[in-house]
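Chain by chain, the residues run as shown.
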Amino acid sequence: MTDVSGASVDVLNTVFHSDQGGHEQVVLCQDRASGLKAVIALHSTALGPALGGTRFYPYATEAEAVADALNLARGMSYKNAMAGLDHGGGKAVIIGDPEVIKTEQLLLAYGRFVASLGGRYVTACDVGTYVADMDVVARECRWTTGRSPENGGAGDSSVLTAFGVYQGMRASAQHLWGDPSLRGRRVGVAGVGKVGHHLVEHLRNEGAEVVITDVREEAVRRILDRHAEGVTAVADTEALIRVDGLDIYAPCALGGALNDDSVPALTARIVCGAANNQLAHPGVEKDLADRGILYAPDYVVNAGGVIQVADELHGFDFDRCKTKAAKIFDTTLAIFARAKTDGIPPAAAADRIAEQRMHDAAQARGW
């Protein structure tokens, strides 16, 4: 069943009634001249303007795109809260294959829609969008981050995203084994693209043994060509999660990596990766805990990128951002401590801390 716009009624129920809803604003954007069809979802502005990237992806249906925007925006509220940023959560998705339909005209049209929100939403890069794209969007919208240094931006945010995940891994090792060092640990990295290849560099620099996989053969080859030793590759994620002696599993591709099939097969004691929305559905965090697997909440450890783009609004300083991203180590340890105190999985503990910060901010504003 659909409403007059053709959007699934289930999507509208999600916005207005479900626990996954509660969004302040959802904007459907269309520019027929350029072929733009986009969704901008603002989950919360309690802490400040919503901040989150623009995903460009060939969704099977418009309803799927809306649902993804809602989920991603909600996740950004929690991520920004846990990162200590004065930003709420938002996300945008552009519907279509970026390799086929992405044009300057389309990106400019998208920029006009973001600008129409008057600063309630600040955008950046995500899957399918890059620094060069944000430079185009910024020509129509000053609330654009992730731009090139030549255009007043900070450039690629994947560098600090990877650094933050690395700090989350160190904190996880400290909590589980009493030592933050990853030397000699075997770490499996699924996805060695924008973020994953930087993460491999951190791991190898510390002396970890790394096992990688990626759906793109050229991405795997780039890593293997750079590292003559200490890095091996397996065929796919199914093989990676079953590697004997794996200490840490790092999902660094798309979401849903932790599900009813993968969790029982995991050999790793720790899961800590860059991918968003790693838990396929509620309850997976308990399944991980029941198996004795320590899960570092994805939106906590992968916040280095959003820390970087948020700083861009104030005049980017890389050293300042790296110092903030290094605090992901302490934040991750605090979540594990809260989880132990409350007798809940770390994912639930992180949610409680983030929700309290958003609640306190809303109350301070008299909402």
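Reading the values: the criteria
Residues numbered from 1 in each chain as written. Predicted model: local features only at pLDDT ≥ 70, side-chain atom pairs only at ≥ 80, totals over all residues. Heavy atoms only, no water. Buried < 20%, exposed > 50% of the residue type's maximum accessible area, 1.4 Å probe, protein only. Helix = DSSP H or I, 4+ residues; strand = E, 2+ residues; numbered from the N terminus. Pairing = 2+ DSSP bridges. Right-handed = clockwise from strand over helix to strand, strands pointing away. Phe/Tyr/Trp six-rings, centres within 6.5 Å; stacked < 30°, edge-to-face > 60°. Lys NZ or Arg CZ within 6 Å of the ring centre and 35° of its normal. Salt bridge = Lys/Arg side-chain N within 4 Å of Asp/Glu carboxyl O. Axes fitted to C-alpha atoms, helices over the stretch in contact; angles between N-to-C directions. Parallel < 35°, antiparallel > 145°, perpendicular 65-115°, else oblique. Left-handed = near helix turned anticlockwise from the far one by under 90°. Contact = heavy atoms within 4.5 Å. Nonpolar A, V, L, I, M, F, W, Y, C, P; charged D, E, K, R; others polar.

A. Fine view of the pairing of strand β8 (residues 209–213). The buried fraction of β8 is high, at four of five residues. The pairing of strand β7 (residues 186–190) with β8 spans five bridges and is parallel. Bridged to Arg-186 within β8 is Glu-209. Each parallel crossover has a hand, and for β7 linked through helix α7 (residues 196–206) to β8 it is right-handed. Note: β8 against strand β9 (residues 231–233), three bridges, orientation parallel. The residue bridging Val-211 from the neighbouring strand is Thr-232, located in β9.

B. Region of interest: the packing of aromatic side chains. Across all of its chains, the model carries three aromatic pairs by this definition. For the ring pair Tyr-57 and Tyr-59, a centre distance of 5.1 Å and an interplane angle of 70° mean the geometry is edge-to-face. Plain terms: the ring middles of Phe-316 and Phe-318 are 6.4 Å apart, the flat faces sit at 75° to each other, and that makes the pair edge-to-face. On the basis of relative accessible area, Phe-318 is assigned to the partly exposed category, the value being 34%. Across the ring face of Trp-177, the terminal group of Arg-185 is positioned such that the distance to the ring centre comes to 3.7 Å. Note that Lys-322 overlies the ring of Phe-163, its terminal NZ or CZ placed 5.0 Å from the centroid.

C. Focus on the pattern of salt bridges. Applying the stated rule across the entire model yields 21 salt bridges. In this structure, the salt-bridge partner of Arg-216 is Asp-214, at a minimum N-O distance of 3.0 Å. Judged by relative accessible area, Asp-214 falls into the buried class, the value being 13%. One salt bridge in this structure joins Asp-342 and Arg-352, with 3.1 Å as the shortest N-O distance. Placement of Asp-342 in helix α15 (residues 328–342) and of Arg-352 in helix α16 (residues 346–364) is noted, with a sequence separation of ten residues between them. Here Arg-352 falls in the partly exposed class, since its relative accessible area comes to 39%.

D. Spatial organisation of the packing of helix α6 (residues 158–177) against α15. Look at α6 against α15: their axes get within 8 Å of each other, and the N-to-C directions meet at 40°. With respect to α15, the element α6 is oriented oblique. The way α6 lies across α15 gives a crossing that is right-handed. Between α6 and α15, the contacting residues are Gly-164, Gln-167, Gly-168, Arg-170, Ala-171, Ser-172, Gln-174 and His-175 on the first element and Ile-328, Phe-329, Thr-332, Leu-333 and Phe-336 on the second. Residues belonging to the contact of α6 with α15 are distributed by class as follows: five nonpolar, seven polar and one charged.

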